[in-house]
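Given next are the chains, with one letter for each unit.
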Amino acid sequence: MAAATTDPLERLEEALRAGADAPRKRMLIIVNPYATTVSDRLKNLVVYALRGSYQVEAVETESRDHATALCREAAREHYDVVVAFGGDGTVNEAANGLVGSDTPLSCLPGGRTNVYCRMLGIPTDVVDATEHLLRLTDDWRPRRVDVARVNERHFLFSAGVGLDASVVERVDAHPRLKARMGEWYYTSVALRVFGRRYLFNPPRLEASLGGESVSGVTAVVQNAAPYTFFGNRPVHIGEGATLDGGTLSGVVLERASPIDVPTIGWRALSERAPLGRHRRVTAFSGLEELEVRSLDARPLPLQVDGDYIGEADTAGFAVEPGGLLVVA
């Protein structure tokens, strides 16, 4: 019996030959050239392989929100699929251009964490993921999943107001450290931001959760689970949200203190101790909309799917059931 090849190029060529007779759908690949694991060689290798089964056009993003504009144009031109090749920020921008259209979204892992790829069942190794996309031509079944929205920006799995958004803002300002150190850099930045901005006189917010109002220092809203990953370990924040459940879940952290932070972190990584049962946390689930507003006239930092998007005095959240077509 011949030994299985381990060379990435040979593996992709084998998958290419296997899918050579499949229908040739039009595919637009949107590449973030600055994503953690994306290189020119890898991009060319992936495009070469996918052209065996698809009519492929590949475009690199040039600025923030460029992927959104490219996807809107792809939807108008009735592409069969758009593939976001980058991290979760690239996937988020692509989704914002495809929400409400009949053009499905897929993705290739090019970031450090690749949360949405994992949620859709796409491998986090780019060669395996490319082979996965080639096999889809034999089992083409797009499906609709929910998206959520904060103000005018859609998100795919999570958004945050307050502490976690402040952390994302600092991390995004140092992409090389983010790429090199990954989750450990997030951890170190989180400790610094907590000590400097949230230990004394932190920005205060109020979340209106149906008929209940809860004040705190940060709020996390999820459209799916988990919130993110720490390495290969899922980070659990809200409970009950799924890709097609039609509702939002999350938590409000009522107070940030040095005593509470270690136990909050432990619960977020625990499979057995829900974060929502922490004495300083209020959990919510089953909501279709909610609002978070500043209590002290300081604008609130916002993040969506791990990307910082700026500040706002009020953040209105809502879910859009079946708002996005995906294929995976």
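Scroll up to find the structure this text is about.
1. Quick look at the pairing of strand β8 (residues 205-209)
Burial runs high along β8: 4 of the 5 residues are buried. As defined by bridge partners, β8 adjoins strand β9 (residues 212-216) across 5 bridges and the pair is classed as antiparallel. What sits directly across from L205, in β9, is G216. In sequence, β8 turns back onto β9 through a hairpin of 2 residues, with G210 there showing a positive phi of about 70°. Across 4 bridges, β8 lies against strand β15 (residues 289-294) in antiparallel orientation. Note that in β15 the partner of E206 across the bridge is R293.

2. Examining the nonpolar core
Core analysis: the largest hydrophobic core is formed by 54 residues, its most contacted members being I29, L50, F85, Y116 and L324. By size, the runner-up hydrophobic cluster in this structure holds 24 residues, among which are V150, F155, V304 and F317.

3. Examining the environment of V235
With respect to the helices and strands, the residue V235 is situated in strand β12 (residues 233-235). Under the relative-accessibility criterion, V235 is labelled buried at 10%. Considered as a pair, V235 and L134 are 101 residues apart in the sequence and their alpha carbons are 31 Å apart. In this structure, V235 is in contact with P226, Y227, T228, F229, F230, A268 and L269, ignoring residues within four places of it in sequence.

4. A word on the pattern of salt bridges
Under the counting rule described, the total for this entry stands at 9 salt bridges. We note a salt bridge from D139 to R141, for which the minimum N-O separation is 3.1 Å. For D139, a relative accessible area of 40% corresponds to the partly exposed category.

5. Remarks on the packing of aromatic side chains
Scanning the model with the defined rule gives 4 aromatic pairs in all. Ring centres 6.2 Å apart and planes at 80° place the aromatic pair F155 and F317 in the edge-to-face group. With F155 in strand β6 (residues 153-155) and F317 in strand β18 (residues 314-326), the pair connects residues that are 162 residues apart, well separated along the chain. With respect to burial, F155 and F317 carry one shared label: buried. Judged by centre distance (5.0 Å) and plane angle (85°), the rings of W184 and F230 are edge-to-face. Here the residue W184 occupies a position in helix α9 (residues 183-198), and F230 occupies one in strand β11 (residues 228-230), the gap between them amounting to 46 residues. Judged by its relative accessible area of 25%, F230 falls in the partly exposed class. In this structure, R26 packs its charged tip against the face of Y79, placed 4.0 Å from the ring centre. Its end group placed over the ring of F229, R118 keeps NZ or CZ at 4.1 Å from the ring centre.

6. Quick notes on the sheet that holds strand β10 (residues 218-222)
On the basis of which strands lie adjacent, the open sheet formed by 6 strands has the order β14-β13-β10-β7-β16-β17 and antiparallel pairing. Only two strands of the sheet have a single partner each, and these edge strands are β14 (281-287) and β17 (307-312). Averaged over all neighbouring strand pairs, the angle between strand axes comes to 15°, with direction disregarded. Across the sheet, helix α7 (residues 163-172) is in contact with β7 (158-162), β10, β16 (300-304) and β17; its angle to β7 comes to roughly 100°.

7. Quick notes on the state of the cysteines
Taken as a whole and judged by the stated rule, the model has 0 disulfides. Cysteine C71 remains unbridged, with the sulfur of C107 as its closest cysteine sulfur at 12 Å. Its sulfur unpaired, C107 is 3.1 Å from the next cysteine sulfur, which belongs to C117.

8. Brief notes about the packing of helix α2 (residues 40-50) against helix α6 (residues 126-135)
Remark: α2 packs on α6, axes separated minimally by 10 Å, with the N-to-C direction vectors making an angle of 20°. In terms of axis orientation, α2 runs roughly parallel to α6. In this structure, α2 meets α6 at a crossing whose hand is right-handed. When α2 is examined against α6, the residues L42, V46, A49 and L50 are found in contact with a partner set consisting of V126, T130, L133 and L134. Across the contact of α2 with α6, the residue classes tally to 7 nonpolar, 1 polar and no charged.

What counts as what
- Residues numbered from 1 in each chain as written.
- Predicted model: local features only at pLDDT ≥ 70, side-chain atom pairs only at ≥ 80, totals over all residues.
- Heavy atoms only, no water.
- Buried < 20%, exposed > 50% of the residue type's maximum accessible area, 1.4 Å probe, protein only.
- Helix = DSSP H or I, 4+ residues; strand = E, 2+ residues; numbered from the N terminus.
- Pairing = 2+ DSSP bridges.
- Core = buried A, V, L, I, M, F, W, Y, C linked by side-chain atoms within 4.5 Å.
- Contact = heavy atoms within 4.5 Å.
- Salt bridge = Lys/Arg side-chain N within 4 Å of Asp/Glu carboxyl O.
- Phe/Tyr/Trp six-rings, centres within 6.5 Å; stacked < 30°, edge-to-face > 60°.
- Lys NZ or Arg CZ within 6 Å of the ring centre and 35° of its normal.
- Axes fitted to C-alpha atoms, helices over the stretch in contact; angles between N-to-C directions.
- Disulfide = S-S within 2.5 Å.
- Parallel < 35°, antiparallel > 145°, perpendicular 65-115°, else oblique.
- Left-handed = near helix turned anticlockwise from the far one by under 90°.
- Nonpolar A, V, L, I, M, F, W, Y, C, P; charged D, E, K, R; others polar.

The values are spatial; any link to function lies outside them.
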